[in-house]
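# Structural overview
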There are 4 protein chains.
Amino acid sequence: MGSVWGNHFKLTIFGESHGGGIGCVLDGFPAGVAYDEAFVLSEMDRRAPGKNRQSTARREKDLPKILSGIFEGKTTGAPISCVIENTDTRSGDYRNLVEHPRPGHADYTGRVRYNGYNDYRGGGHFSGRLTAPMVFAGAMCKLFLRSKGMEVGSHIASIGQIMDTPFHDVDIPQEQLAELRAQPYPVINPRAQEAMLAQIDQARDSLDSIGGVIECAVTGVPAGLGSPMLCPAEGRISSILFSVPAVKGVEFGAGFSIATMRGSEANDRMYLDGDTVKTETNNNGGILGGITCGMPIIVRAAIKPTASISREQMTLNVTNGQVEPLVIKGRHDPCIVTRAAPVIEAAVAIAMTDLYLEAYGYARS
Amino acid sequence: MGSVWGNHFKLTIFGESHGGGIGCVLDGFPAGVAYDEAFVLSEMDRRAPGKNRQSTARREKDLPKILSGIFEGKTTGAPISCVIENTDTRSGDYRNLVEHPRPGHADYTGRVRYNGYNDYRGGGHFSGRLTAPMVFAGAMCKLFLRSKGMEVGSHIASIGQIMDTPFHDVDIPQEQLAELRAQPYPVINPRAQEAMLAQIDQARDSLDSIGGVIECAVTGVPAGLGSPMLCPAEGRISSILFSVPAVKGVEFGAGFSIATMRGSEANDRMYLDGDTVKTETNNNGGILGGITCGMPIIVRAAIKPTASISREQMTLNVTNGQVEPLVIKGRHDPCIVTRAAPVIEAAVAIAMTDLYLEAYGYARS
Amino acid sequence: MGSVWGNHFKLTIFGESHGGGIGCVLDGFPAGVAYDEAFVLSEMDRRAPGKNRQSTARREKDLPKILSGIFEGKTTGAPISCVIENTDTRSGDYRNLVEHPRPGHADYTGRVRYNGYNDYRGGGHFSGRLTAPMVFAGAMCKLFLRSKGMEVGSHIASIGQIMDTPFHDVDIPQEQLAELRAQPYPVINPRAQEAMLAQIDQARDSLDSIGGVIECAVTGVPAGLGSPMLCPAEGRISSILFSVPAVKGVEFGAGFSIATMRGSEANDRMYLDGDTVKTETNNNGGILGGITCGMPIIVRAAIKPTASISREQMTLNVTNGQVEPLVIKGRHDPCIVTRAAPVIEAAVAIAMTDLYLEAYGYARS
Amino acid sequence: MGSVWGNHFKLTIFGESHGGGIGCVLDGFPAGVAYDEAFVLSEMDRRAPGKNRQSTARREKDLPKILSGIFEGKTTGAPISCVIENTDTRSGDYRNLVEHPRPGHADYTGRVRYNGYNDYRGGGHFSGRLTAPMVFAGAMCKLFLRSKGMEVGSHIASIGQIMDTPFHDVDIPQEQLAELRAQPYPVINPRAQEAMLAQIDQARDSLDSIGGVIECAVTGVPAGLGSPMLCPAEGRISSILFSVPAVKGVEFGAGFSIATMRGSEANDRMYLDGDTVKTETNNNGGILGGITCGMPIIVRAAIKPTASISREQMTLNVTNGQVEPLVIKGRHDPCIVTRAAPVIEAAVAIAMTDLYLEAYGYARS
């Protein structure tokens, strides 16, 4: 398996980069959610290549065609299906890669996994293009979560060594999330943005690529979502975050740096704000014992540098067993982190919707 | 839900710290695996408190009583069930915590999640004691994986700021894993061990606690386990790693530091070693496109400092809404990282078993 | 797999007839349900052998020992685990069956399924004894459903050719269900009971066994539970009804006889009774398009005659390939239908709880 | 949820009768299965309306457009997605049904389930048209099963009171299944066919409809598929059979009539045929203890008469609470049983594929 996710609603993503089309199905999505087409398209546009100087040469017209599940402007409760056609695909570019699996890509593992029958063109089902339907699904989930008072947003926490100001751990205003959403390179500190773009230019100039970290937050989360033991909220969220290609690490709240803390520092003190239990700090990232506590969920995902680089690399020729030089033709994104923010948000929004539906069911959601 | 995990076999963990007992059920575990009782008990002993200077005062006799699934020394294929009795529990210690939820613990979120009906004594279902059945399940999975040529091992990568030598990313000898398993404080660099223990002593002396990181490896992994998109191997492994209480971050291979790399550094070059495809580096931690590539799986989990500390803390009194001082009585582990290694290994072994069974089924496993 | 069921809560059943014990775990069961021990034990007593003239010789003391999930008389929301010890087991009786798989039993298929490692003693995991934890789980679910206004009851619809009066399809008073529950042989028409018992005696006298049908009803069902297409309420209910050993057919409402009807007869006419939409007939058994309509759910399960019979049978000797006579020693229930009613009810109650939790979630259930 | 099915591969079906299109996604389908387009289209043609005298007036061009998962004539292992456009839909016909839910249909339950947001046009997601993608998915599964030596076939066991000769329970030649597949009205006894068609004509002439039973068989089944207890093969198969609209009963082998048998009759005697264990009779329908025994699987599904009939019916006007006459406009199939055979086969083929993949995994399937 691999392309279905969810316990309390199900997301199915399908498609291969150079096939007839890609898309997704959302089964069990709540009925009666107003479909805001402008919002959904703007989310997809945030992810789309071709609009900025980090773009890939290929132009994708990622217009989702909705086949079912929306009627008279609202979700029907039946599966929402969406198809994005593949156009402007040139398969000729990829023949060479059958013999020379690209380092850092899934060309080799995909071949083993599927006994050699995988569609290798453009990465096939492994293509980053498959994140387009994930962003569509995430946008639908954001509309649902918004109706329940939740907002999902993110910024580029770092590109290479350049770091943005992190989210304030206990106070993330909705306006900030809206502003970040409107930016082509969502960062909190404008000076960091300049330095990040310089890093990316430098990587491109050296025919290389560079990685980074996305920090994502969810505000307005009700306390009590998730479960202890084997289905904690962190586990649900991370299981879909690692589905985003190139993610190699996921951390919540203080994350790995909590390992260097003392308990007296790491423990978040509770107090009452009106009727609401809050904490003074949020080192646990809004989740305690696998269950949301009502504070913002804060999660970071580490994204590796684009595996496709312009410079020559050595790789195995699987036919003759020799290590040979490989040049991957075409133009390559020197940094996918700048486009990853809406994808990471989408993954988090999908996980939050699943956790919410587990708690409240479809009858009252 | 929360206490069932797995797609191709199912682990169920049950119990509350001060109830009649805790335990687990393994459904769909392969038939015909020889039960090595000495090994299983030694694994459980590695996790058990009371044997070293970081011990909690409570003595646990975590002897698993197997009720089903093993017959004439082999697994039968029917569910393996195991019960560990709770003895030596003193519920009186915990009454105070109903009013004063402990910072960093799930007392508050557990109350919300279960509408106030949760068994609060000793953390109830949230207790670290519930990792005992997980270690039992992990030991069973290790026996199965071993029969398929896989070994799971780990070491303490760091305590506070003190770091051990990391695993060699492409060459982890079986002897090293065996040696680590035999150590009470599994570290690669003996000098790091001394410094770590000093850190722990320091934390205890200041009535505080300290966190750390466990690095875990799986060797002998066949290529082709896992799936792209929504069920990647990283997602499966992380979803259960976050089930281990106190884990706040999970990373594979180079992990978060891959975000600072260039693509030319991060891409692992392939070559042929006899009949086997290998890579010169292992920044992807043995997984590409969500699928194992045959290199060792390397994963790290960040573990927060023990939430229970001896010094006085401020917390909310949920009855009167005031912030009041709280002293958590009893003796507390100043560092659970030293006991976490077998638990992290267990989680990884469970995930690997699920991935293996997905690929090969029960009929020939 | 095989011994875990449920999407919105999970039931795990474990154990083998002659192992250390059998039992179950209920994960995701709602918190705050009052535990009525007398009711649970009375349900288990309804299933237990040894109390009537159809009894097997073996005395089972099916006292469930609850290890977790109930605290201060209420469910905690954490997994409820229950163990029933196996006592009075004589393994010596079963050696012969390794060579001579019993006709109508799972001796042969169990051996193939588990590559010869299955615990064959007393049927092992296939034993009818495993229905005891199912009845425990069903009793817990009945307590929950009752708190939501639902009642589950049943009667023996037939033994051999002798048929009881069926349930009134649109009007099943709660008193009737209570009366049936109190009967050792629950039938609506007392004269049918006499004839049924005579049939059973006749079967026993001829060293044979006899089958029958259980009809089960759920009243007070809210409209809107279940889903169309691939997870209809009928599919959910039938998937667990076929888990009851010996069930070979399941039908809803008019069931197989609806196939002989005209549409004008089969269609149930709707009308309004106060605020409630009702139907004049209930040929669809309370479910339309996979979704409950608010009328009673009516379902029947066909139960085959006990496979173990006292008379000599011919069967394959798997060692020498010859067909040889087999006598199954011990005393055998000539009819398990009389004990099946609480098991069928339990299965239905479990399915209804899952459907209810899907609709309403845990937060408000 | 509702529109995703499967544990070891996942089928998702989407679409509403009058939306943009319907279709399905098969995730986890084995790689390397040759795509036989002619076979798939012939299967879909068997289900399609418009070709015979029982046809509905609406012409469906159920040409599946495959968007992904097939490359160079073979399945890739990535999700297979297929879309069938909706054309020739006239929504005007259905406005009246919002007020007057049709008896026997899901108009009322669909409204409750989806809080009034369901697409009511033409039954929406409840439409029998949704069986078209199920037949597509079933055809793919048949191709896979055939590569493993299994064949799925069926015949009309009865229409109203008219019964066809049943399958021979232990000997179903492949040629018979092929012949049945080629018939527009698949029956074993040609005389029964005439009588059935007369029954259908009679129902149509009286502006009514009529039901029936489909008997389905799977040959070449390996022993050892399925599980005891909570996931028996019967439970898996029935859970998707009840997904076929209008199915109200499912039985295996002797089915409900086994309830009238003695154990000595019902028990199937084993013998050895060459290396293969066989049984002289097949009252258990090829499944014992939830596990296939190697004999043909025989299963029957009861199909209710078409709920849409031409004659006037009384139904509730949900706006004013009155019972009022309703005439459902358009032409209606007086009997859907004749078209149901390929749908029932598809459901069974899907279940068998899931059971097979559980046993053998993807790596060797």
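Residues numbered from 1 in each chain as written. Chains lettered and ligands numbered in written order. Predicted model: local features only at pLDDT ≥ 70, side-chain atom pairs only at ≥ 80, totals over all residues. Heavy atoms only, no water.

Further remarks concern the overall build of chain A. Of regular secondary structure, chain A possesses 9 helices and 18 strands. In terms of overall dimensions, chain A is globule-like: its C-alpha atoms have a radius of gyration of 21 Å, near the 21 Å expected for 365 residues. Counting only residues that meet the buried cut, chain A has 68% of its 365 residues in that class. A sequence separation of at least 24 residues applies to 73% of the contacts in chain A between residues at least 6 apart. Taken as a whole, chain A presents about 11200 Å² of accessible surface, with 48% of it coming from carbon and sulfur. Across chain A, the centroid of the 35 positively charged side chains sits 5 Å from that of the 39 negatively charged ones. (Helix = DSSP H or I, 4+ residues; strand = E, 2+ residues; numbered from the N terminus. Rg over C-alpha atoms; globule rule 2.2 N^0.38 Å. Buried < 20%, exposed > 50% of the residue type's maximum accessible area, 1.4 Å probe, protein only. Contact = heavy atoms within 4.5 Å. Areas by Shrake-Rupley, 256 points an atom, 1.4 Å probe, with all protein chains shown as cover. Lys, Arg positive; Asp, Glu negative; His and termini not counted. Charge placed at Lys NZ, Arg CZ, Asp CG, Glu CD.)

Moving on, we get to the packing of aromatic side chains. Enumeration according to the criterion identifies 30 aromatic pairs over all chains in this entry. Look at Tyr120(A) and Phe71(D): their rings are 5.4 Å apart centre to centre, the planes differ by 80°, and that puts the pair in the edge-to-face class. Placement of Tyr120(A) in the loop between α3 (107-113) and α4 (131-147) and of Phe71(D) in strand β5 (residues 70-71) is noted, with the two residues assigned to different chains. Plain terms: the ring middles of Phe252(C) and Phe242(D) are 5.2 Å apart, the flat faces sit at 90° to each other, and that makes the pair edge-to-face. Linking Phe252(C) in strand β11 (residues 247-252) with Phe242(D) in the loop between α7 (233-241) and β11 (247-252), this pair reaches from one chain into another. Taking the relative accessible area as the measure of exposure, Phe242(D) reaches 3% and is therefore buried. Three or more aromatic residues link up through ring pairs in this structure, and these residues are Phe9(A), Phe29(A), Phe144(A), Tyr356(A) and Tyr360(A). When the ring centre of Phe39(B) is taken as reference, the NZ or CZ atom of Arg146(B) above it lies at 4.7 Å. (Phe/Tyr/Trp six-rings, centres within 6.5 Å; stacked < 30°, edge-to-face > 60°. Lys NZ or Arg CZ within 6 Å of the ring centre and 35° of its normal.)

Each partner contributes residues to the interface: chain D has 45 residues there, and chain A has 45 residues. Summing both partners gives a buried area of about 3600 Å² for chain D against chain A, and 64% of it is carried by carbon and sulfur. When the buried area of chain D at its contact with chain A is split by residue, Met1(D), Phe71(D) and Tyr117(D) rank highest and sum to 19% of it. For the pair chain D and chain A, the number of links is 0 salt bridges. Of all elements in the fold, only β2 (10-15), β3 (21-27), β4 (65-68), β6 (74-75) and β7 (80-85) of chain D reach the threshold of two or more residues within the side of chain D that touches chain A. (Buried area = accessible area lost by both parts, 1.4 Å probe. Salt bridge = Lys/Arg side-chain N within 4 Å of Asp/Glu carboxyl O.)

On to the packing of helix α1 (residues 37-47) of chain B against helix α4 (residues 131-147) of chain B. All names here are of chain B. At a minimum axis distance of 9 Å, the contact between α1 and α4 shows a crossing angle of 140°. Comparing their axes, α4 and α1 come out oblique. Crossing hand, α1 versus α4: right-handed. Residues Phe39, Val40, Glu43, Met44, Arg46 and Arg47 of α1 pack against Thr131, Ala132, Val135, Phe136, Ala139, Met140, Lys142, Leu143 and Arg146 of α4. When the residues that make up the contact of α1 with α4 are grouped by side-chain class, the tally is 9 nonpolar, 1 polar and 5 charged. (Axes fitted to C-alpha atoms, helices over the stretch in contact; angles between N-to-C directions. Parallel < 35°, antiparallel > 145°, perpendicular 65-115°, else oblique. Left-handed = near helix turned anticlockwise from the far one by under 90°. Nonpolar A, V, L, I, M, F, W, Y, C, P; charged D, E, K, R; others polar.)

This paragraph deals with the confidence of the model for chain A. Residues and elements named next belong to chain A. With 95% of its residues at a pLDDT of 70 or more, chain A has an overall mean of 94. pLDDT under 50 marks residues 51-58. Its contacts with residues more than four places away, or in other chains, come to 33 contacts. Taken over the whole predicted complex, pTM reads 0.97, whereas the ipTM for its chain interfaces reads 0.96. (pLDDT = per-residue confidence, 0-100.)

Relative to chain A, chain D is turned by 180° and slid 0.0 Å along the rotation axis, the superposed coordinates differing by an RMSD of 0.0 Å. The transformation just described matches what one would write down for a two-fold rotation axis. Residue Thr12(D) of chain D places its C-alpha closer to the rotation axis than any other residue of that unit, at 3.8 Å. Taken together, the interface assignments show that 100% of the residues at the interface of chain D recur at the interface of chain A, consistent with an identical surface on both copies. (Least-squares fit on C-alpha atoms with pLDDT ≥ 70 in both.)

Looking now at the pairing of strand β3 (residues 21-27) of chain A. All names here are of chain A. The buried fraction of β3 is high, at 7 of 7 residues. Burial along β3 is two-sided: Gly21, Gly23, Val25 and Asp27 facing one way and Ile22, Cys24 and Leu26 facing the other are all buried. Across 6 bridges, the pairing between strand β2 (residues 10-15) and β3 is antiparallel. Within β3, the position partnered with Leu11 by the bridge is Leu26. With antiparallel pairing between neighbouring strands as the criterion, β2 and β3 make up a hairpin whose turn holds 5 residues. Bridging between β3 and strand β7 (residues 80-85) involves 6 bridges; their strand directions are antiparallel. (Pairing = 2+ DSSP bridges.)

On to unusual backbone geometry, then. Backbone geometry at Asn115(C) places phi at a positive 50°, although glycine is not the residue there. Within the secondary structure, Asn115(C) is located in the loop between α3 (107-113) and α4 (131-147).

Counting residues at the interface gives 98 residues for chain D, matched by 98 residues for chain C. Taking both partners together, chain D and chain C bury about 7600 Å²; carbon and sulfur atoms supply 65% of that area. Summed over the three residues of chain D that lose the most area to chain C, namely Met229(D), Leu230(D) and Lys248(D), the buried surface amounts to 11% of that side. Note that Glu234(C) is salt-bridged to Lys248(D), the shortest N-O span being 3.0 Å. Here chain D is connected to chain C by 43 residue pairs in polar contact (both at pLDDT 80 or more). The biggest single contributor to the side of chain D that touches chain C is β11(D), with 6 residues. Among the residues forming the side of chain D that touches chain C, the class breakdown is 50 nonpolar, 35 polar and 13 charged. Here β11(C) pairs with β11(D) via 3 bridges, running antiparallel. Across the sheet, residue Val250(C) finds its bridge partner in β11(D), namely Val250(D). (Polar contact = N/O pair within 3.5 Å; in protein donor to acceptor, adjacent residues only side chain to side chain.)

Our next topic: the relation of the copies chain D and chain C. For the match of chain D to chain C, the screw axis carries a shift of 0.0 Å, the RMSD comes to 0.0 Å, and the turn is 180°. Most of the interface of chain D is mirrored in chain C: 100% of its interface residues are interface residues there too.

What follows is about the sheet that holds strand β8 (residues 151-159) of chain A. In a beta sheet, neighbouring strands pair by backbone hydrogen bonds and run either parallel or antiparallel. Pairing within the open sheet is antiparallel, and its 10 strands lie in the order β9(A)-β8(A)-β10(A)-β16(A)-β11(A)-β11(B)-β16(B)-β10(B)-β8(B)-β9(B). Strand pairing shows two members of the sheet lacking a second neighbour, β9 (162-163) of chain A together with β9 (162-163) of chain B, which therefore form its edges. Bridging between strand β8 (residues 151-159) of chain B and β9(B) involves 2 bridges; their strand directions are antiparallel. By the bridge assignment, Ser158(B) is partnered in β9(B) with Met163(B).

Turning our attention to the pattern of salt bridges. Counted according to the given criterion, the structure contains 68 salt bridges over all chains. Linking Arg311(B) and Asp208(B) is a salt bridge whose minimum nitrogen-to-oxygen distance equals 3.4 Å. Of this pair, Arg311(B) sits in the loop between β16 (297-303) and β17 (313-316) while Asp208(B) sits in the loop between α6 (190-205) and β10 (212-219), and the two are 103 residues apart along the sequence. Asp201(D) is paired through a salt bridge with Arg204(D); the nearest N and O atoms lie 2.9 Å apart. Placement of both Asp201(D) and Arg204(D) in helix α6 (residues 190-205) is noted, with a separation of 3 residues, approximately one turn of the helix. Given the relative accessible area of 21%, Asp201(D) is considered partly exposed.

Before going further, it helps to examine α6(D). Residue and element names in this part refer to chain D. Compared with the 22 Å implied by 1.5 Å per residue over 16 residues, the 23 Å span of α6 between its first and last C-alpha is a close match. Those residues of α6 that sit buried are Ala192, Gln193, Met196, Leu197, Gln199, Ile200 and Ala203. The arc that holds every buried residue of α6, seen down its axis, measures 155°, which confines them to one face. What points out from α6, more than 90 degrees from its buried face, is the exposed set Pro190, Arg191, Glu194 and Asp205. Buried positions along α6 lie against β8 (151-159), β9 (162-163) and α9 (337-360). Taking the backbone nitrogen of Arg191 as reference, a side-chain oxygen 2.9 Å away marks Asn189 as the first, capping residue of α6. One or two positions beyond α6, positive phi appears at Leu207, with a value near 55°. (Expected span 1.5 Å × (residues − 1). Arc of directions from axis to C-beta.)

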